[in-house]
Amino acid sequence: MLASVELPADFKLLNQQYRGLVQALLDEIEILPIRVEVAPTQSGNFRGFDPAKFYLVASGTISVRYADRAVYLLEEGDVLLPDIAGSRDVDAAVFYGSEAGASLSSFSALEFMQQVFSRPSTTKLWTRLLVTYSGMMLRLTAMQTQIDVITTPGFALYEPDEIIINQGERAQYVFNLTSGLADVLVDDVPVGIISPGEIFGAMAALTHADRSATVRARSRCSVVKVPTSQFTELIKSNPATIHALLTDMANSIVSLNEQLVQQRGANATKTDTQGGGED
């Protein structure tokens, strides 16, 4: 990823780590990608762009634009995630193109995520990938921030098996886990683990939706709590491009998780029906 502003050395280290995680995840995913050739595109999305797919840049570069501004360039080895918000509202769309052309590998987003959550090893890789990506976006945001926003964080302790976030409830806080481990569950199905230093609960704050997952303390957990209103203002104080990109990422993950849960339910119903017919 090439940013449009000068960034610190730790951004480059995270970028290298991010590419390594992408490749490690692709090595575990058993999906044959479809090659997509991108012709030079001056405006709008490249021809053949599908918001229901993930893309991997195989060669060349892909420019990422919002509100007629270039945000950054995706290079070989970078992943282009779906733009959920832009598919519904052209004024909020993030556009992808290439001034000189590029080659991409495309994957079905739903099939990809089904394989990600099918094994603990791939779920861990996906979680680490998102955490690394979030770290890169936070550094990109910090370098473009022009004003400081004062927040009033609170602190809380949770004992093992205590619920920190309940799926379906309205978001009041965004959390930063300072010590301990916590489990992430969707409909009581474990889908990930939160480790110290990770921020969680931000998706609901960004999308103004109900909590999409439950977070339960695995061990004694210490957290910092920031009210969602202040977290939203903190994000909004940065360039609109960063706010839009973070929102798109959050919406993408929520949408894919919902589809995955629905697919699991349909498969379970089908299995039960078939089993009943053999008795």
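What counts and what doesn't
- Residues numbered from 1 in each chain as written.
- Predicted model: local features only at pLDDT ≥ 70, side-chain atom pairs only at ≥ 80, totals over all residues.
- Heavy atoms only, no water.
- Pairing = 2+ DSSP bridges.
- Helix = DSSP H or I, 4+ residues; strand = E, 2+ residues; numbered from the N terminus.
- Core = buried A, V, L, I, M, F, W, Y, C linked by side-chain atoms within 4.5 Å.
- Buried < 20%, exposed > 50% of the residue type's maximum accessible area, 1.4 Å probe, protein only.
- Contact = heavy atoms within 4.5 Å.
- Salt bridge = Lys/Arg side-chain N within 4 Å of Asp/Glu carboxyl O.
- Axes fitted to C-alpha atoms, helices over the stretch in contact; angles between N-to-C directions.
- Expected span 1.5 Å × (residues − 1).
- Arc of directions from axis to C-beta.
- 1 Å grid on protein atoms, 1.4 Å probe; cavity = no way out; pocket = protein on both sides within 12 Å on 5 of 7 lines; lining within 4 Å.
- Points joined across faces, edges and corners; volume = space filled by probe spheres on them.
- Phe/Tyr/Trp six-rings, centres within 6.5 Å; stacked < 30°, edge-to-face > 60°.
- Nonpolar A, V, L, I, M, F, W, Y, C, P; charged D, E, K, R; others polar.

In the nomenclature of an unreviewed UniProt entry, the protein corresponds to Cyclic nucleotide-binding domain-containing protein from the organism Congregibacter brevis.

Visitor: Could you clarify how one ought to interpret the sheet that holds strand E9 (residues 154–158) in this entry?
Guide: Each strand in a sheet pairs with another by means of backbone hydrogen bonds, the pair being arranged parallel or else antiparallel. With antiparallel pairing, the four strands of this open sheet are ordered in space as E9-E16-E11-E14. Each end of this open sheet is capped by a strand with a single partner; those strands are E9 and strand E14 (199–200). Pairing of strand E11 (residues 173–179) with E14, which is carried by two bridges, proceeds in the antiparallel orientation. By the bridge assignment for E14, Phe175 is matched with Phe200.

Visitor: What is the right way to read the nonpolar core from this model?
Guide: Across soluble globular proteins, you tend to see nonpolar side chains buried next to one another. By size, the foremost hydrophobic cluster in this structure holds 62 residues, and its most contacted members are Phe46, Ile62, Tyr72, Phe112, Trp126, Ile164 and Phe200. Looking at which element gives the most residues to this core, the answer is helix H4 (residues 120–144), with eight residues.

Visitor: In this structure, what is going on with the environment of Ile62? I would like to understand it.
Guide: In this structure, Ile62 sits in strand E4 (residues 62–66). Taking the C-alpha atoms as reference, Ile62 lies 5.6 Å from Leu73; in sequence the two are eleven residues apart. Among residues more than four places away in sequence, those in contact with Ile62 are Val38, Val57, Tyr72, Leu73, Leu74, Leu80, Tyr96, Gly97, Ser98, Ala102 and Leu104.

Visitor: Can you walk me through the pattern of salt bridges in this structure?
Guide: Side chains bearing opposite charge may pair, as long as their charged atoms lie close to each other. A complete count under the given rule lists seven salt bridges for this structure. The salt bridge partner of Asp78 is Arg19, with a shortest N-O separation of 3.6 Å. Placement of the pair is Asp78 in the loop between strand E5 (69–74) and strand E6 (79–80) and Arg19 in helix H1 (residues 9–28), with a sequence separation of 59 residues. You can call Arg19 partly exposed: its relative accessible area is 29%. A salt bridge links Arg35 to Glu37, with the nearest nitrogen and oxygen atoms 3.6 Å apart. Salt bridges sharing partners connect three or more residues here, namely Arg19, Glu75 and Asp78.

Visitor: It is not clear to me how the sheet that holds strand E3 (residues 53–60) should be interpreted in this structure. Could you clarify?
Guide: Strand order in the open sheet made by the four strands is E2-E8-E3-E6, with antiparallel pairing throughout. Each end of this open sheet is capped by a strand with a single partner; those strands are strand E2 (34–38) and E6. Inspection of the sheet shows E3 paired to strand E8 (residues 102–108) by seven bridges, in the antiparallel sense. Residue pairing for E8: Phe54 is matched across the bridge by Phe107. Lying over the sheet, helix H3 (residues 109–116) contacts E3 and E8, oriented at roughly 65° with respect to E8.

Visitor: Please explain H1 as it appears in this structure.
Guide: Two residues of an α-helix separated by three or four positions point the same way, owing to the 3.6 residues in each turn. Its 20 residues place the ends of H1 29 Å apart at the C-alpha level, agreeing with the 28 Å of an ideal helix rising 1.5 Å per residue. Among all positions in H1, only Phe11, Leu14, Asn15, Tyr18, Leu21, Val22, Leu25 and Leu26 are buried. For H1, the angular spread of the buried residues around the axis is 130°, confining them to a single face. The exposed residues of H1 that point more than 90 degrees off its buried face are Ala9, Lys12, Leu13, Gln16 and Asp27.

Visitor: What is the right way to look at the layout of surface pockets in this model?
Guide: It is a probe the size of a water molecule, rolled over the atoms, that shows where empty space is left. Estimated volume of the second largest pocket: approximately 330 Å³. Lining the second largest pocket are 16 residues, and of these Pro120, Thr123, Lys124, Gly192 and Ile193 sit closest to its centre. Sorting the residues of the lining of the second largest pocket by element identifies H4 and strand E13 (189–194) as the ones contributing at least two each. For the lining of the second largest pocket, the leading source of residues is H4, giving five residues.

Visitor: Which parts of the structure should I look at to understand the packing of aromatic side chains?
Guide: The geometry of an aromatic ring pair is captured by two quantities: the separation of the ring centres and the angle between the planes. Overall, the coordinates contain eleven aromatic pairs when judged by the stated rule. Taken together, a centroid distance of 5.4 Å and an interplanar angle of 85° make the contact between Phe46 and Tyr55 edge-to-face. With a relative accessible area of 2%, Phe46 lands in the buried category. Accessibility expressed as a relative area gives 1% for Tyr55, which makes it buried. Among the aromatic residues, ring-to-ring pairing joins Phe46, Phe49, Tyr55 and Tyr96 into one connected group.

Visitor: Mind showing me how you'd approach empty space enclosed by the protein here?
Guide: Evaluation of the coordinates by the stated rule reveals four cavities of 30 Å³ or more. One number sums up the size of the second largest cavity: a volume of about 100 Å³. Along the walls of the second largest cavity sit Tyr18, Val22, Leu25, Leu26, Phe54, Tyr55, Leu56, Val79, Phe107, Phe112, Trp126 and Leu129, which together make up its complete lining. Broken down by element, the lining of the second largest cavity gets its largest block of residues, four residues, from H1. Of the residues belonging to the lining of the second largest cavity, the class tally is twelve nonpolar, no polar and no charged.

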